[in-house]
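What follows is each chain in one-letter form.
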Amino acid sequence: MSQVHYRAQDGVAVLTIDNPPVNAASHGVRAGIVDGIARAAGDTAVRAVVLIGGGKTFVAGADIREFGQPPQPPHFPEVLDALEGSAKPVVAALHGTALGGGLEFALACHYRVALKSTRLGLPEVNLGLLPGGGGTQRLPRLAGGAKALDMILSGKPIAAAEALSLSVIDAVVAGESQTDLEREAIAFVRAKADAGGAHPRARNRQARAEAGLFDQVREKNARKWKGVLAQWKIVDCVQAACELPFEQGLEIERERFLELRASPQSAALRYAFFAEREAAKIPGLPREVQPREIRSAAVIGAGTMGGGIAMCFANAGIPVQILDTAQAAIDAGMERVRGNYATSVARGSMAQSKADQALALITATTAYEEIGQADIVIEAVFEEMKIKHAVFGALDRVMKPGAVLASNTSTLDIDSIANVTQRPQDVIGTHFFSPANVMKLQENVRGKASSSEVIATAMHLAKRIGKVPVLAGNCTGFIGNRILYAYGRECDFMLEEGATPWQIDRALQDFGFPMGLYLMRDLAGLDVGWRVRQGAEATRDKSLRYSPVADRICELGRFGQKTGSGYYRYEGRTPTPDPDIERLIESVAAELGVERRTVNDDEIVARVLCAMVNEGARILDEGIAIRASDIDVTYLYGYGFPRYRGGPMFWAEQHGLAKVLQTVQRYHAEQGPAWIPARLLERRAASGRWVD
């Protein structure tokens, strides 16, 4: 069936794109547009053309499923030439979204009109690409070099009103439906045809930018863009639009686009795009299972984490109560929440009216009885099992039947928590990451008794409050922190062996992590991990190597940023390497009989990544993670793994599973049983892939 329908009405050909759900610019759409323009050109009764999307949107981008496939004509440039070269005026009628290739279709048309609710943008940078259909050349000629650069580098869409002010579109039309849009577009383009004369082409306009703009952008972002490709090439292309003839700019854009499309970075980012969507799919969950309706929520604990979780609900329009047993804690927590909203308003990331609306949805109490009617309650208290048991015992007594009882635990046994209640089927882990109102990951943890309905609710709710959900099985540390423990252990051993915290942090940041391990620990607070280690000391296998460096630091009262010192010393939030810590590490090494040596940055990165992958393979083999890509999503959204590298499991495939196995085997020989190769890694090394 054709993906573009042709209809002539009152002298106007209406080309309706029909490729649900988002009208992606597939081969069928491209062919249909070229054929439709040719048919309109040969139809003497047609004087103008409307290009419109069927369903809920115009065109939400190229069909990235075609990447890596043999290209089929007509290619994108041929479609754009057909639209732009039409002797009869063509108007793009926009609703829903006009993104990526969709906006490039529109920019090649002579005119653009849109409903006021339309969003327009070029988000290719999120896939490690740049707009490859003339977007870097036509948009600057309409909006100006500076605004075009901002739109393409950020990938963020703009509203129709802003697009009109920038001359990206020619009119915001009356009405709210696709029918209204089509009617107004037909009238608009008929009037243009009646007026006669030449019709405007974006390519014929002059793109302008302030002197020095492009060098300033490169200099300003040099540190932020270290290691990435697309952003630099985007600047090159927009600069070409402002300084070179259109055809030369197009050649540069095409060259840079093809380079990026073939790059490992774009492959990793496209993988991440699909991995995020795959993570939401739960095998074995009956299709008829529906999530419970969540109209109200409660959070136990008014600390930083509890307040952040409450903000997530309020930001999504869900009323939420914060419970803490101490009024002073509530007062401090609410003040912290108000401060967070004030900061968002000051930064311009939230309007004051939105902040006021969200704050109005957050209330606080010291009485468990007052939260009993909430549809979900999330416990966010200290990471100690005795405290968790006490909280869930109280929740079991007061919460209404059918309420979801969730724990924000980052490491503890969900089944043990569930078993203190009379309704373990309603208990699930919902592990948020700090700061909870900012970090995107929500690691949901199913216990043995967690019902399908509760699992579906947790996954659905995560999306509703703006999170990226991953479902994990129940074990110590689940997916994320179990891997964090594995590579954190190796970093601690490398300290004893000769590295420093700042060297390890620098090596990881050079690889692409936004923050090194020890800076991250200092930010989170060293006392949290110390408390967990103290609780587990009785069951720790004393035959395995253990580094006491972190414990010794905590024994000095150095808990990180909040106490002014941890691994680093702090002036405000500015870290400084501390010779006292270096001496402490040397003392521990001498006490343990560890001979110190030079540890280079390459060894640090290899040892960290291979520890991640080996533990990830165990987690996957045990069924704690459903798929390798779920581990990657966890690390991309929760732990700062560089997105342009795809995640640890993707990195391993790109690097070569056989090479990873060799490194793991070498460390096993050198370091002992902690490096026993994962059986899945051994099984899959020859094929080079986690799944066939």
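Residues numbered from 1 in each chain as written. Predicted model: local features only at pLDDT ≥ 70, side-chain atom pairs only at ≥ 80, totals over all residues. Heavy atoms only, no water.

J.: Mind showing me how you'd approach the overall build of the chain here?
T.: Within the chain, the regular secondary structure consists of 28 helices and 19 strands. Each principal axis of the C-alpha atoms in the chain carries an extent, and together these give about 90 × 60 × 50 Å. Residues counted as buried form 55% of the 692 residues belonging to the chain. The contacts of the chain with a sequence gap of at least 6 include a subset with a gap of at least 24, amounting to 73%. As displayed, the chain has an accessible area near 29700 Å², and 52% of this comes from carbon and sulfur atoms. Mean positive and mean negative side-chain charge positions of the chain (79 and 80 charges, respectively) differ by 3 Å. (Helix = DSSP H or I, 4+ residues; strand = E, 2+ residues; numbered from the N terminus. Buried < 20%, exposed > 50% of the residue type's maximum accessible area, 1.4 Å probe, protein only. Contact = heavy atoms within 4.5 Å. Areas by Shrake-Rupley, 256 points an atom, 1.4 Å probe, with all protein chains shown as cover. Lys, Arg positive; Asp, Glu negative; His and termini not counted. Charge placed at Lys NZ, Arg CZ, Asp CG, Glu CD.)

J.: How should helix H20 (residues 517–524) be read in this particular structure?
T.: An α-helical turn contains 3.6 residues, so a residue and the one three or four places further along point in the same direction. Regarding H20, the residues found buried are Leu517, Tyr518, Leu519 and Asp522. Those residues of H20 that are buried lie in contact with helix H18 (480–497), helix H19 (501–511), helix H21 (526–536), strand S18 (568–571) and strand S19 (574–577). Just downstream of H20, Gly525 is the residue with a positive phi angle, here 105 degrees.

J.: Which parts of the structure should I look at to understand the sheet that holds strand S7 (residues 119–121)?
T.: Spatially, 3 strands are ordered S5-S7-S8 in an open sheet, and the strand pairing comes out mixed. If you trace the sheet from one side to the other, it starts and ends with strand S5 (97–99) and strand S8 (158–159), each paired once. Examined bridge by bridge, S5 and S7 share 3 bridges and lie parallel to one another. Counted as the bridge partner of Thr97 is Arg119 from S7. Relative to S5, helix H3 (residues 101–108) is tilted by about 90 degrees, and along the sheet it contacts S5 and S7. (Pairing = 2+ DSSP bridges. Axes fitted to C-alpha atoms, helices over the stretch in contact; angles between N-to-C directions.)

J.: Would you mind going over the sheet that holds strand S4 (residues 90–94) with me for this structure?
T.: In any sheet, the strands associate via hydrogen bonds between backbone groups, in a parallel or an antiparallel arrangement. Spatially, the 6 strands line up as an open sheet ordered S1-S2-S3-S4-S6-S9, and their pairing is mixed. Of all strands in the sheet, those bounded by a partner on one side alone are strand S1 (4–9) and strand S9 (171–172). In this fold helix H1 (residues 27–42) packs onto S1, strand S2 (12–17), strand S3 (48–53) and S4, with an angle of close to 25 degrees to the strand it touches most, S1.

J.: What is the right way to look at the pairing of strand S10 (residues 297–300) in this model?
T.: The two faces of the sheet receive side chains in turn, since in a regular strand these alternate between them. What you see with S10 is no split at all: Ala297 and Val299 on one side and Ala298 and Ile300 on the other are buried throughout. By the bridge criterion, 4 bridges tie S10 to strand S13 (residues 376–379) in an arrangement that is parallel. Counted as the bridge partner of Ile300 is Glu379 from S13. Looking at chain direction, S10 and strand S11 (residues 320–323) are connected through 4 bridges and run parallel. Across the sheet, the residue bridging to Ala297 is Val320, located in S11. Each parallel crossover has a hand, and the one from S10 via helix H12 (residues 304–315) to S11 is right-handed. (Right-handed = clockwise from strand over helix to strand, strands pointing away.)

J.: Whenever I open this one, the pairing of S13 confuses me. Can you help?
T.: Burial along S13 is two-sided: Ile376 and Ile378 facing one way and Val377 and Glu379 facing the other are all buried. Two strands pair when backbone bridges link them, and S13 and strand S14 (residues 404–407) are joined in this way by 4 bridges, in the parallel orientation. Looking at the pairing, Ile376 lines up with Val404 of S14. Handedness of the S13-helix H15 (residues 385–398)-S14 crossover: right-handed.

J.: Please clarify how the nonpolar core should be interpreted in this entry.
T.: A general trend in soluble globular proteins is that nonpolar side chains are found buried together. Counting 95 residues, the largest nonpolar core has Tyr487 and Trp690 as its most contacted members. Counting residues per element, this core draws most heavily on helix H24 (residues 601–621), at 11 residues. The next biggest cluster of nonpolar side chains, apart from the first, holds 70 residues, and it includes Ala92, Leu127, Ile152 and Ile234. (Core = buried A, V, L, I, M, F, W, Y, C linked by side-chain atoms within 4.5 Å.)

J.: Would you mind showing me how to read the pattern of salt bridges here?
T.: Pairing between side chains becomes possible if they bear opposite charge and their charged atoms approach one another. On inspection of all chains with the given rule, the structure shows 54 salt bridges. Measuring nitrogen to oxygen at the nearest pair gives 3.2 Å for the salt bridge that ties Lys388 to Glu383. By sharing partners, the salt bridges in this structure join Arg489, Glu490, Glu496, Glu497, Arg545, Arg597, Glu603 and Arg607 into a single network. (Salt bridge = Lys/Arg side-chain N within 4 Å of Asp/Glu carboxyl O.)

J.: I would appreciate a short explanation of the environment of Phe105 in the present structure.
T.: On the secondary structure map, Phe105 appears in helix H3. What makes Phe105 buried here is its relative accessible area of 0%. Sequence spacing of Phe105 and Ala148 is 43 residues, and the spatial spacing of their C-alpha atoms is 16 Å. Ignoring sequence-local partners within four residues, the contact set of Phe105 consists of Ala25, Val29, Arg30, Ile33, Phe58, Val59, Phe76, Val79, Leu80 and Leu83.

J.: Please explain the packing of aromatic side chains as it appears in this structure.
T.: In this description, an aromatic ring pair is defined by two values, namely the gap between the centres and the angle between the planes. Tallied over the full model, the rule gives 16 aromatic pairs. Relative to Phe641, the ring of Phe513 has its centre 5.3 Å away and its plane inclined at 80 degrees; by these criteria the two rings are edge-to-face. You can see Phe513 sitting in the loop between H19 and H20 and its partner Phe641 sitting in the loop between helix H25 (628–638) and helix H26 (648–655), a full 128 residues away along the chain. We note that Phe513, like Phe641, is buried. Here Arg540 stacks its cationic end above the ring of Tyr546, 4.1 Å away from the centre of that ring. (Phe/Tyr/Trp six-rings, centres within 6.5 Å; stacked < 30°, edge-to-face > 60°. Lys NZ or Arg CZ within 6 Å of the ring centre and 35° of its normal.)

J.: How should helix H9 (residues 230–243) be read in this particular structure?
T.: Between its terminal C-alpha atoms H9 stretches 20 Å, which fits the 20 Å expected from 14 residues at 1.5 Å a residue. Listing the buried residues of H9 in full gives Ala230, Gln231, Lys233, Ile234, Val235, Cys237, Val238, Gln239, Ala240, Ala241 and Cys242. Its buried side turned inward, H9 meets helix H4 (135–143), helix H5 (145–154), helix H8 (213–221) and helix H10 (246–261). (Expected span 1.5 Å × (residues − 1).)

J.: Which parts of the structure should I look at to understand the environment of Pro286?
T.: Its place among the elements puts Pro286 in the loop between helix H11 (264–279) and S10. The partly exposed category is assigned to Pro286, whose relative accessible area is 30%. Along the backbone, Pro286 and Ser452 are 166 residues apart, and their C-alpha atoms lie at a distance of 7.6 Å.

J.: How do you make sense of the side chain of Ser86 when you look at a structure like this?
T.: Relative to the helices and strands, Ser86 is located in the loop between helix H2 (76–85) and S4. Judged by its relative accessible area of 10%, Ser86 falls in the buried class. The residues contacting Ser86, other than those within four sequence positions of it, are Ile37, His110 and Arg201.

J.: How should the state of the cysteines be read in this particular structure?
T.: Covalently bonding the sulfur atom of one cysteine to the sulfur atom of another cysteine gives a disulfide. Overall, the coordinates contain 0 disulfides when judged by the stated rule. Unpaired in terms of disulfides, Cys491 finds its nearest cysteine sulfur in Cys610, a separation of 13 Å. With a relative accessible area of 0%, Cys491 lands in the buried category. (Disulfide = S-S within 2.5 Å.)

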